[in-house]
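Each chain is listed here by its residues.
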Amino acid sequence: MRVVGPPLRQVLGETLSELAGRDTRIVVLDGDVGSSTGGAAVETAHPGRYLQAGIAEQNMVAMAAGLATVGFVPFVTTFACFAVARALDSIRVLVAQPGLPVTIVGGYAGLLTGMTGKTHQIFNDVAVMRSLARMTVVAPADQIEARQAVERLAALDGPAYIQITREPSPAIFDEDYHFELGRAVVLRDGDDLVLVSTGVQTTRVVEAAELLAARGVSAAVLHCPTVKPIDEDALVEAALGVGLVVTVEEQSVLGGLGGAVAEVLADKAPVPVKRLGIQDCYGESGPNEALLEKYRLSAARVADDVERVFSTIRTRKGPAAARSRG
Amino acid sequence: MSEGAEEGELRALACDARETVVRAVATARGGHLGGPLSAVDALVVLYFRVLRIRPEEPTWPERDRFVLSKGHSSVALYAVMALRGYFPLEEVMTFDAIDSRLQGHPDMTMLPGLDMSTGSLGLGFSAAVGIALGASLRGSSFTTFVMVGDGECNEGTVWEGAHVARRYRLDNLVAVVDENGLQQFGWRDPATGRRARPYEAAELADRWRAFGWRVLEVDGHDLRALTAVLRESRARTGAPTVVVAHTVKGKGVSFMEDDFSWHSRVPTADELACALEEIDVARRALERAR
Ligand SMILES: Cc1ncc(C[n+]2csc(CCOP(=O)(O)OP(=O)(O)O)c2C)c(N)n1
């Protein structure tokens, strides 16, 4: 087990406060959830730059677009579900198409939303956001990466979406780590298959790879903090190296990281791709550990599922190869 | 039953509901408290005195509909539904647990008796407008009640729906605003440094009036007044009705009252004991008076 660090939402609040102190163009908009998303720290540090928009997400994102046209660099903070689902047309028409420098922060991203359940768990925010032209989509794995990603997006001259999670989570990078937008990171080498992951799920995937190693399966881990633009070269290289790719994400298996990876590899390096993640369903409320078990995202469940995929592919390869020889 | 005895019975039920709410949130280690506690009294009056429902037949087609648009207050609704006989009171302790029918936010696919799935603020209200419109198209005589928060009234959909409801003269629709003067975080009042009210004193009632709704105002913790006003609200007058209930967030547990930080906090063991003790004191005072 790795050391559990502060939740990424806390890092978000600290980083935005620092950024707002350095750069007077930065404003933070809140949809009445600053006490949850970490945004509230900015109200304390720079009250004049903290813009409360109330519980009205569509209007909030539209206002951010307006602010961007008069020289501000807005960060819109609310829960991922409401940012993406309630404000999608504002994002599409006013932020993405005009290419304005607005960063949408999807707080409480993924499955673990503080016992709130199906309305607050959105599993296709990455899929939806990455399908918008001009949008950059980022999902950091830990505190160090989250801080650097937020800083990087503040300097990006265009629209972006970043997932930020609620719960304390392990640190996997050290201070020397350098986040580069659009660049994937090899976290572990392996010969049998490559696990491709994003966001905080990567911390569980790294642990799953350790469990797999103990069971004799050698899994590489490729972490994609930027889902769009995805690091095609890194994917192709990793895929050709081992010949089996398993994507794992705290998102629906439809259209998210798994979709992005399958699209790239179908075009450039066709190898078997198996997508793990949340099946085509809605969420529910419950304690974190129970949810991670039920939706098969804990390190142990990921290891089980990867092992099953690996042995199926191996046995399938066996007879097929035998037939072609015969 | 005399009016006094009726009111005493409702107050006892409200104590039971508050106790259940606090226990359920402490057991789950999740959920909300401030909003559920401000809503309890209106929910008790609705479910025990106003709504035409059959708890033993929750999908009875002619039932009055109730939509909890401020879905984060689900635990209060579950407590009151259990007291009314929809399911055993003990089941409320499964609130928020994995596989429970009593989801963090109401899920109509899990629990019979819920007329809409809610939790994304502002949407349940619009769904209720649709239900009322459907009832009038079908010639059904039931009334649709929907409860919204004052913070929830920030959402544009509330006012989009309010406009359409007036257009169609939906006098079979009653909105109850739980005006407890706080939202989750809201605006900071620069003068005091405290969280500001979502709307100033008469602002919210005036807005509904401007949208052409019949507006009734009531002390949302006066069970006798609530009974009279909510009964009156179902009168068919040619316009939709809103009952603006002036309430206190966290009502019934002194240290949770009017404090935004209790919006969704889980009490410690000590805080739980204090809260239960306060509710029990209120209940015993009632029993002595009866
Ligand atoms: C669309 C949407 N945005 C944000 C939230 C998060 N949220 C839950 S409760 C709440 C505050 C609600 O305030 P109010 O309606 O006044 O409820 P009450 O004070 O009665 O709890 C917020 C912002 C949500 N559930 N839905």
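No experiment lies behind these values; they were computed from the predicted model shown.

1. As for the interface of chain B and chain A
Opposite the 31 residues of chain B that make contact, chain A presents 29 residues. Counting the surface chain B buries against chain A, the share from its top three residues, B:Ile98, B:Gln184 and B:Phe185, is 28%. For the pair chain B and chain A, the number of links is three salt bridges. Between A:Lys294 and B:Asp99 there is a salt bridge, with its nearest N and O atoms 2.4 Å apart. Put simply, chain B and chain A have 23 residue pairs in polar contact (both at pLDDT 80 or more) between them. Among the residues forming the side of chain B that touches chain A, the class breakdown is eight nonpolar, 15 polar and eight charged.

2. Here's the deal with the domain arrangement of chain A
Residues and elements named next belong to chain A. Domain assignment breaks chain A into domain 1 (8-163) and domain 2 (185-322). Placing a centre on the C-alpha atoms of domain 1 and another on those of domain 2 gives a separation of 27 Å. Both faces considered, domain 1 and domain 2 share a buried interface measuring about 2,300 Å² in area, 58% of it formed by carbon and sulfur atoms. For domain 1, the biggest contributors to the area lost against domain 2 are Leu-111, Phe-123 and Arg-130; these three give 33% of the whole. The interface formed by domain 1 and domain 2 contains one salt bridge. Of the charged contacts in the structure, one is a salt bridge between Arg-130 and Glu-263, with a shortest N-O distance of 2.6 Å. In this assembly, domain 1 and domain 2 are joined by 16 residue pairs in polar contact (both at pLDDT 80 or more). Broken down by secondary-structure element, the contributors of at least two residues to the side of domain 1 that touches domain 2 are α7 (125-130) and β6 (136-138). Per-element accounting of the side of domain 1 that touches domain 2 gives the leading share, four residues, to α7. The residue makeup of the side of domain 1 that touches domain 2, split by class, is 17 nonpolar, seven polar and five charged.

3. Looking at the layout of surface pockets
All names here are of chain A. Each pocket or cavity is described by its volume, and for the second largest pocket that value is around 570 Å³. Lining the second largest pocket are 27 residues, and of these Lys-118, Thr-119, Gln-121, Ile-122 and Tyr-282 lie nearest its centre. Of the residues forming the lining of the second largest pocket, the biggest block, four residues, is contributed by helix α5 (residues 80-86). Partitioning the lining of the second largest pocket into residue classes produces 11 nonpolar, 12 polar and four charged. Structurally, the lining of the second largest pocket is a two-domain feature, drawing no fewer than three residues from each of domain 1 (8-163) and domain 2 (185-322).

4. Here we look at the sheet that holds strand β9 (residues 185-188) of chain A
Sheets are built from strands that pair by backbone hydrogen bonding, the pairs being arranged parallel or antiparallel. Residue and element names in this part refer to chain A. Taken in spatial order, the five strands make up an open sheet running β9-β11-β10-β13-β14, and their pairing is mixed. In this open sheet, the two edge strands, each paired with only one partner strand, are β9 and β14 (273-278). Each neighbouring strand pair of the sheet contributes to a mean axis angle of 25°, computed without reference to strand direction. Across five bridges, strand β13 (residues 245-252) lies against β14 in parallel orientation. Each residue of the ladder has a partner; that of Thr-247, found in β14, is Arg-275. Lying over the sheet, helix α10 (residues 232-242) contacts β10 (193-197), β11 (219-223) and β13, oriented at roughly 150° with respect to β10. Where helix α11 (residues 257-268) meets the sheet, it contacts β10, β13 and β14, and its direction lies at approximately 145° from that of β13.

5. Re the packing of α10(A) against α11(A)
Residues and elements named next belong to chain A. Look at α10 against α11: their axes get within 10 Å of each other, and the N-to-C directions meet at 70°. In terms of orientation, α10 lies roughly perpendicular with respect to α11. The interaxial crossing formed by α10 with α11 has right-handed handedness. Each of Glu-232, Leu-235, Val-236 and Ala-239 in α10 lies in contact with α11, whose residues at this interface are Val-261, Val-264, Leu-265 and Lys-268. Residue composition of the contact of α10 with α11, by class: six nonpolar, no polar and two charged.

6. What to know about the packing of aromatic side chains
Residue and element names in this part refer to chain B. Within the structure shown, the criterion is met by 14 aromatic pairs over all chains. Taken together, a centroid distance of 4.9 Å and an interplanar angle of 65° make the contact between Trp-208 and Trp-213 edge-to-face. On the basis of relative accessibility, which here comes to 4%, the residue Trp-213 falls in the buried class. Seen in terms of ring centroids, Phe-255 and Trp-262 are 5.8 Å apart; in terms of plane orientation they differ by 65°. Their pairing is edge-to-face. Over the face of the ring belonging to Trp-262 we find Arg-265, whose NZ or CZ atom lies 3.9 Å from the ring centre.

7. Here's the deal with the site of the ligand
Near the ligand there are 24 residues, and of these A:Glu57, B:Lys70, B:His72, B:Gly151 and B:Lys249 occur at the shortest range. One finds residues of chains A and B in close proximity to the ligand. B:Asp150 has a polar side-chain atom sitting 2.8 Å from an oxygen atom of the ligand. Within the backbone of B:Gly151, one N or O atom sits 2.8 Å away from an oxygen atom of the ligand. For the ligand, whose accessible area on its own is 590 Å², the fraction buried by protein is 99%. Taken together, the residues of the shell around the ligand break down into five nonpolar, 11 polar and eight charged.

8. Overview of the pattern of salt bridges
All names here are of chain B. Applying the stated criterion across every chain, the model contains 44 salt bridges over all chains. For Lys-70, the salt bridge goes to Asp-178, with nearest N and O atoms at 2.6 Å. One end of the pair, Lys-70, is in the loop between β1 (65-68) and α3 (74-84); the other, Asp-178, is in strand β3 (residues 173-179), and 108 residues separate them in sequence. Residue Asp-178 is classed as buried on the basis of its relative accessible area of 2%. One network of salt bridges, in which partners are shared, links Asp-16, Glu-19, Arg-23, Asp-280, Arg-283 and Arg-284.

Conventions and cut-offs
- In this convention, every chain numbers its residues from 1, walking through the sequence in written order.
- All chains are assigned letters beginning at A, and all ligands numbers beginning at 1, according to the order in which they are written.
- Two thresholds apply to this predicted model, a pLDDT of at least 70 for residue-level local features and 80 or more for giving and counting side-chain atom pairs, whereas whole-chain, interface and lining totals are computed over all residues.
- Only hydrogens and water are set aside; all other atoms, that is, all heavy atoms of the structure, feed into the side-chain values.
- Note on definitions: a residue-residue contact is assigned when non-hydrogen atoms from the two residues lie within 4.5 Å.
- We define buried area as the total accessible area lost by two parts upon association, computed with a 1.4 Å probe and summed across both.
- Any Lys or Arg side-chain nitrogen located within 4 Å of an Asp or Glu carboxyl oxygen qualifies as a salt bridge.
- Side-chain atoms alone can form a polar contact between residues adjacent in sequence; in general such a contact is a pair of N or O atoms within 3.5 Å, and within protein one must be able to donate a hydrogen while the other accepts it.
- Asp, Glu, Lys and Arg are counted as charged, while Ala, Val, Leu, Ile, Met, Phe, Trp, Tyr, Cys and Pro are counted as nonpolar; the rest, among them Gly, fall into the polar class.
- For each domain, the first and last residues come from an automatic or database assignment.
- Strands here are runs of E lasting at least two residues and helices are runs of H or I lasting at least four, both read from the DSSP assignment and numbered beginning at the N terminus.
- For cavity detection a 1 Å grid was placed over the protein atoms alone, and a set of points counts as a cavity when a 1.4 Å probe fits there but cannot get out; an open set counts as a pocket when protein lies on both sides within 12 Å along at least five of seven lines, with lining residues being those that have an atom within 4 Å of a point.
- Grid points are joined across faces, edges and corners, and a volume is the space filled by probe spheres set on the points.
- When DSSP finds two or more bridges between a pair of strands, those strands are recorded as paired.
- Lines fitted to C-alpha atoms define the axes, with helix axes restricted to the stretch in contact, and inter-axis angles between N-to-C directions lie between 0 and 180 degrees.
- Working rule for angles: under 35 degrees goes down as roughly parallel, over 145 as roughly antiparallel, 65 to 115 as roughly perpendicular, anything else as oblique.
- Less than a right angle of anticlockwise turn of the near helix away from the far helix marks a crossing as left-handed, whereas a clockwise turn marks it as right-handed.
- Pairing of aromatic side chains here covers Phe, Tyr and the six-membered ring of Trp, requires ring centres within 6.5 Å, and sorts the geometry by plane angle: under 30 degrees stacked, over 60 edge-to-face, intermediate tilted.
- Between buried and exposed lies partly exposed: a residue is buried under 20% and exposed over 50% of the maximum accessible area for its type, with that area taken using a 1.4 Å probe on protein chains only.
- Consider the ring centre and the ring normal. A charge sits over the ring if Lys NZ or Arg CZ is within 6 Å of that centre and within 35 degrees of that normal.
- Here a residue is considered near a molecule or strand provided that any single heavy atom belonging to it is located within 4 Å of it.
- Surface accessibility in these figures is a Shrake-Rupley result with a 1.4 Å probe; residues are shielded only by whichever protein chains are displayed.

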